[in-house]
Protein chains: 2
Amino acid sequence: MTPGAGRALDAASRLFYEHGIHAVGVDRIAAEAGVTKKTLYDRFGSKEQIVVEYLTGRDERWRALLDERLAAAPPAPAEHVLAVFDASRAWAEANGARGCSMINAHAEIDDPRHPAYAVITGQKAWMLELFTSLAREVLAPGEATASETADRLARTLMLLHEGALVAHGLGVFPDAFGLARDQARAVLDSYA
Amino acid sequence: MTPGAGRALDAASRLFYEHGIHAVGVDRIAAEAGVTKKTLYDRFGSKEQIVVEYLTGRDERWRALLDERLAAAPPAPAEHVLAVFDASRAWAEANGARGCSMINAHAEIDDPRHPAYAVITGQKAWMLELFTSLAREVLAPGEATASETADRLARTLMLLHEGALVAHGLGVFPDAFGLARDQARAVLDSYA
DNA sequence: CGAGAAGTATACCGATCTGTATAGTGAAGA
DNA sequence: TCTTCACTATACAGATCGGTATACTTCTCG
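Just so you know, the residues in each chain are numbered from 1, in the order the chain's sequence is written. Each chain takes a letter, starting from A, and each ligand takes a number, starting from 1, following the order in which they are written. With the structure being a predicted model, the display of local features is reserved for residues of pLDDT at least 70 and the display and counting of side-chain atom pairs for 80 or more, all residues being used for whole-chain, interface and lining totals. With hydrogens and water set aside, each side-chain value is computed from the structure's full complement of heavy atoms.

Draft legend 1. Structural detail: the overall build of chain A. Scanning chain A for helices and strands turns up nine helices and zero strands. Counting from the N terminus, the helices are the DSSP runs of H or I reaching at least four residues and the strands are the DSSP runs of E reaching at least two. The order of helices and strands in chain A, counted from the N terminus, is α-α-α-α-α-α-α-α-α. In terms of principal-axis extent, the alpha carbons of chain A reach across some 60 × 35 × 30 Å. The buried label applies to any residue whose accessible area, calculated with a 1.4 Å probe on protein chains only, is under 20% of its type's maximum; exposed applies above 50%, and partly exposed to all values in between. Taking all 192 residues of chain A together, the buried fraction comes to 53%. Long-range contacts, defined here as pairs at least 24 residues apart, represent 63% of the contacts in chain A between residues at least 6 apart. Accessible surface, chain A as shown: approximately 8,400 Å² in total, 51% of it carbon and sulfur. In this charge count, Lys and Arg are treated as positive and Asp and Glu as negative; neither His nor the chain ends contribute. Every charge is mapped to an atom, namely NZ of Lys, CZ of Arg, CG of Asp or CD of Glu. The distance from the centre of the 20 positive side-chain charges to the centre of the 26 negative ones in chain A is 5 Å. Note on contacts: a residue pair is in contact if any heavy atoms of the two residues lie within 4.5 Å. Here, Shrake-Rupley sampling with a 1.4 Å probe gives the accessible areas, and only protein chains in the shown set may cover a residue.

Draft legend 2. Quick look at the domain arrangement of chain A. Residues and elements named next belong to chain A. Where each domain starts and ends follows an automatic or database-derived domain assignment. The domain boundaries assigned to chain A delineate domain 1 (1-45) and domain 2 (48-191). Taking only C-alpha atoms into account, the centre of domain 1 sits 28 Å from that of domain 2. The interface is formed by 12 residues belonging to domain 1 together with 15 residues belonging to domain 2. Buried area adds together the accessible area that both of two parts lose upon being put together, with accessible area traced by a 1.4 Å probe. The contact between domain 1 and domain 2 buries some 1,300 Å² in all, and 67% of this surface belongs to carbon and sulfur atoms. If you sort the residues of domain 1 by the area they bury against domain 2, Tyr 17, Ile 21 and Phe 44 come out on top, with a joint share of 55%. Criterion for a salt bridge: a side-chain nitrogen of Lys or Arg within 4 Å of a carboxyl oxygen of Asp or Glu. The interface formed by domain 1 and domain 2 holds zero salt bridges in total. A 3.5 Å cut-off defines polar contacts: any pair of N or O atoms within that distance qualifies, except that in protein one atom must be a possible hydrogen donor and the other a possible acceptor, and neighbouring residues in sequence count only when both atoms are side-chain atoms. Where domain 1 packs against domain 2, one counts eight residue pairs in polar contact (both at pLDDT 80 or more). At the level of elements, helix 1 (3-19) and helix 3 (37-44) are the ones that each hand at least two residues to the side of domain 1 that touches domain 2. Among the elements that take part in the side of domain 1 that touches domain 2, helix 1 stands out by supplying six residues, more than any other. For the side of domain 1 that touches domain 2, the class distribution of residues is eight nonpolar, three polar and one charged. Classification convention: Asp, Glu, Lys, Arg as charged; Ala, Val, Leu, Ile, Met, Phe, Trp, Tyr, Cys, Pro as nonpolar; all other residues, Gly among them, as polar.

Draft legend 3. View of the protein's contact with DNA strand D. Nearness here has a simple test: a residue counts as near a molecule or strand if at least one of its heavy atoms is within 4 Å of that partner. Contacts to DNA strand D come from 19 residues, most closely from Val 26, Lys 37, Tyr 41 and Lys 47 of chain A together with Gly 4 of chain B. Within 4 Å of the protein, the contacting atoms of DNA strand D are 57% sugar and phosphate, with bases supplying the remainder. Measuring from a phosphate oxygen of DNA strand D, one finds a backbone N or O atom of Pro 3 of chain B at 3.4 Å. Broken down by secondary-structure element, the contributors of at least two residues to the surface near DNA strand D are helix 3 of chain A together with helix 1 (3-19) and helix 3 (37-44) of chain B. Sorting elements by how many residues they give to the surface near DNA strand D places helix 1 of chain B first, with four residues.

Draft legend 4. Local environment of the interface of chain A and chain B. Taken together, the contact pairs 38 residues of chain A with 38 residues of chain B. Here chain A and chain B share an interface that buries about 3,400 Å² over both sides, 67% of which is from carbon and sulfur atoms. A per-residue breakdown of the area chain A buries against chain B is headed by Arg 98, Leu 159 and Leu 170 of chain A, which together make up 20% of the total. At the boundary of chain A with chain B, the tally comes to two salt bridges. A salt bridge links Arg 152 of chain A to Asp 182 of chain B; the shortest N-O distance between them is 3.0 Å. Those elements that place two or more of their residues in the side of chain A that touches chain B are helix 1, helix 6 (101-108), helix 7 (115-139), helix 8 (148-170) and helix 9 (176-191) of chain A. Per-element tally for the side of chain A that touches chain B: the top contributor is helix 8 of chain A, with 13 residues.

Draft legend 5. Examining the layout of surface pockets more closely. Here a cavity is any set of points on a 1 Å grid over the protein atoms alone where a 1.4 Å probe fits but cannot get out, and a pocket is any open set with protein on both sides within 12 Å along at least 5 of 7 lines; a residue lines the site when it has an atom within 4 Å of a point. Grid points are joined across faces, edges and corners, and a volume is the space filled by probe spheres set on the points. Quantified by volume, the largest pocket comes out at close to 190 Å³. What lines the largest pocket is Gln 183, Ala 186, Val 187, Ser 190 and Tyr 191 of chain A together with Gln 183, Ala 186, Val 187, Ser 190 and Tyr 191 of chain B. When contributions to the lining of the largest pocket are tallied by element, the ones reaching two or more residues are helix 9 of chain A together with helix 9 (176-191) of chain B. Considered class by class, the residues forming the lining of the largest pocket number six nonpolar, four polar and no charged.

Draft legend 6. Quick peek at the packing of aromatic side chains. Put simply, two rings from Phe, Tyr or Trp (the six-membered ring, in Trp's case) pair if the centres are within 6.5 Å, and we call them stacked under 30 degrees between planes, edge-to-face over 60, tilted for the rest. What the rule picks out here adds up to six aromatic pairs over all chains. Note on Trp 62 of chain B and Trp 91 of chain B: the rings are 6.1 Å apart at their centroids and 70° apart in plane angle, and the pair reads as edge-to-face. Of the two residues, Trp 62 of chain B is situated in helix 4 (residues 47-72) and Trp 91 of chain B in helix 5 (residues 77-95); the sequence distance between them amounts to 29 residues. We call a charge positioned over a ring when the NZ of a Lys or the CZ of an Arg lies within 6 Å of the ring centre and within 35 degrees of the ring normal. The side chain of Arg 58 of chain A reaches across the aromatic face of Tyr 17 of chain A, ending 4.0 Å from its centre. For Arg 63 of chain B, the ring lying beneath its charged end belongs to Trp 126 of chain B, and the centroid distance is 4.3 Å.

Draft legend 7. Summary view of the protein's contact with DNA strand C. Around DNA strand C, the structure places 20 residues, and the nearest of them are Gly 4 of chain A together with Val 26, Asp 27, Lys 37 and Lys 47 of chain B. Across the atoms of DNA strand C situated within 4 Å of the protein, the share located in sugar and phosphate is 55%. Gly 4 of chain A places a main-chain nitrogen or oxygen 2.5 Å from a phosphate oxygen of DNA strand C. Arg 43 of chain A places a polar side-chain atom, nitrogen or oxygen, 3.0 Å from a phosphate oxygen of DNA strand C. Per-element accounting of the surface near DNA strand C gives the leading share, four residues, to helix 1 of chain A.

Draft legend 8. Region of interest: the relation of the copies chain A and chain B. When chain A is brought onto chain B, the operation consists of a screw motion whose angular component is 180° and whose axial shift is 0.0 Å, with 0.0 Å RMSD remaining. Both chain copies can therefore be described as sitting about a two-fold axis. Ranked by how close their C-alpha atoms come to the rotation axis, the residues of chain A are headed by Gly 163 of chain A, at 1.8 Å. Take the interface residues of chain A: 100% of them recur as interface residues in chain B, which is what a same-surface contact looks like. Copies overlap after least-squares fitting; the atoms used are the C-alpha atoms of residues with pLDDT of at least 70 in both.

Here it is in structure tokens:
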């Protein structure tokens with residue numbers, strides 16, 4: 001990534017997240033990045049591609065933070081589940097004043113053929129798979145066999161997590177991730 | 001509401017919900033409603049006002065459906081909580097292929113001073129208050145006294161509900177409202 | 001040295017954006 | 001009958017949209 005491209009993607013990411021994708025034009029991105037539109041189009045080819053790289057970049061940074069937190073968590077599977085909610089709280093404090101960028105982008109992108117659509121649904125599917133694998137370990141440590149119970153537990157954790165993302169983004173009540181974490185523990189206990 | 005205004009608001013509501021607010025221009029609204037732009041601006045004054053009435057209209061229809069379902073539910077307070085999730089499932093089947101219009105609109109409106117912002121946060125606050133009053137009745141039937149326990153239960157129900165809205169809108173897994181309803185029952189039982 | 005990559009500055013394109021203006025039509029009601 | 005209301009049709013304004021074109025500079029690297 002060239003310096004100009006980096007500045008452009010940084011500016012675009014901030015502007016897209018704060019104001020929405022359709023509300024931000026390429027002229028504004030170029031101006032705030034201190035870059036000309038020619039550089040933008042030489043590097044990215046289209047606004048659509050900038051959107052894709054914006055979402056991909058957030059996804060990668062989120063997964064990196066999560067991997068880090070999971071690696072540092074106590075080895076018990078249930079602790080890993082709680083670490084996901086802790087990671088989300090930390091992420092939201094640093095990058096999440098306006099909620100989940102994937103949920104927000106989904107509100108603006110109606111066409112499933114849009115290249116950014118796969119990034120959005122891909123992250124949600126990945127999160128569900130993560131919860132599913134954690135749920136399996138909680139229910140049957142050591143075994144990696146699928147079960148309807150694990151799927152159900154994983155989906156419940158996903159509900160709590162997505163709910164916390166929205167409650168936080170809309171400011172419905174304070175510390176949504178803390179409550180979701182507590183409820184996740186209660187759900188895990190109920191399965192034990 | 002004059003006939004032309006009604007057609008315009010219907011068209012705007014459908015287009016805003018399906019494609020997003022910024023992606024739909026007033027020319028398109030006018031064309032699909034079979035109305036001229038002059039009629040649009042004579043009746044509504046601005047696009048911003050059309051957005052406000054779009055969200056207000058959905059809010060009112062949702063509350064009407066919910067009131068109806070709550071009135072028809074068994075008298076036990078816990079049944080009323082479950083009826084909220086049932087109402088959401090019914091609403092989503094009829095009007096919710098792209099998720100919650102308030103969450104979606106929030107993704108596109110960054111300015112808290114935007115007149116639509118109050119409609120969005122107002123609906124979420126109202127839902128939290130509904131869950132809170134139901135939680136109080138569940139915990140202490142007949143009494144209307146506030147308690148931290150009731151607030152906590154209400155927020156947990158809110159988490160499950162918002163989570164189901166998102167999981168349904170993004171298509172993360174099938175029947176999110178059914179699962180949320182089952183989990184709500186489990187949470188209610190745990191408080192009993 | 002010379003080529004190529006990365007960048008700047010500026011102007012332009014056609015389309016679309018919200019919003020306004022002008023002129024006229026048809027119908028309902030005092 | 002005459003006014004008022006709701007509406008149509010069309011044209012336009014100024015700004016912004018995504019995207020392209022031309023010409024020049026600056027730096028690195030073989």
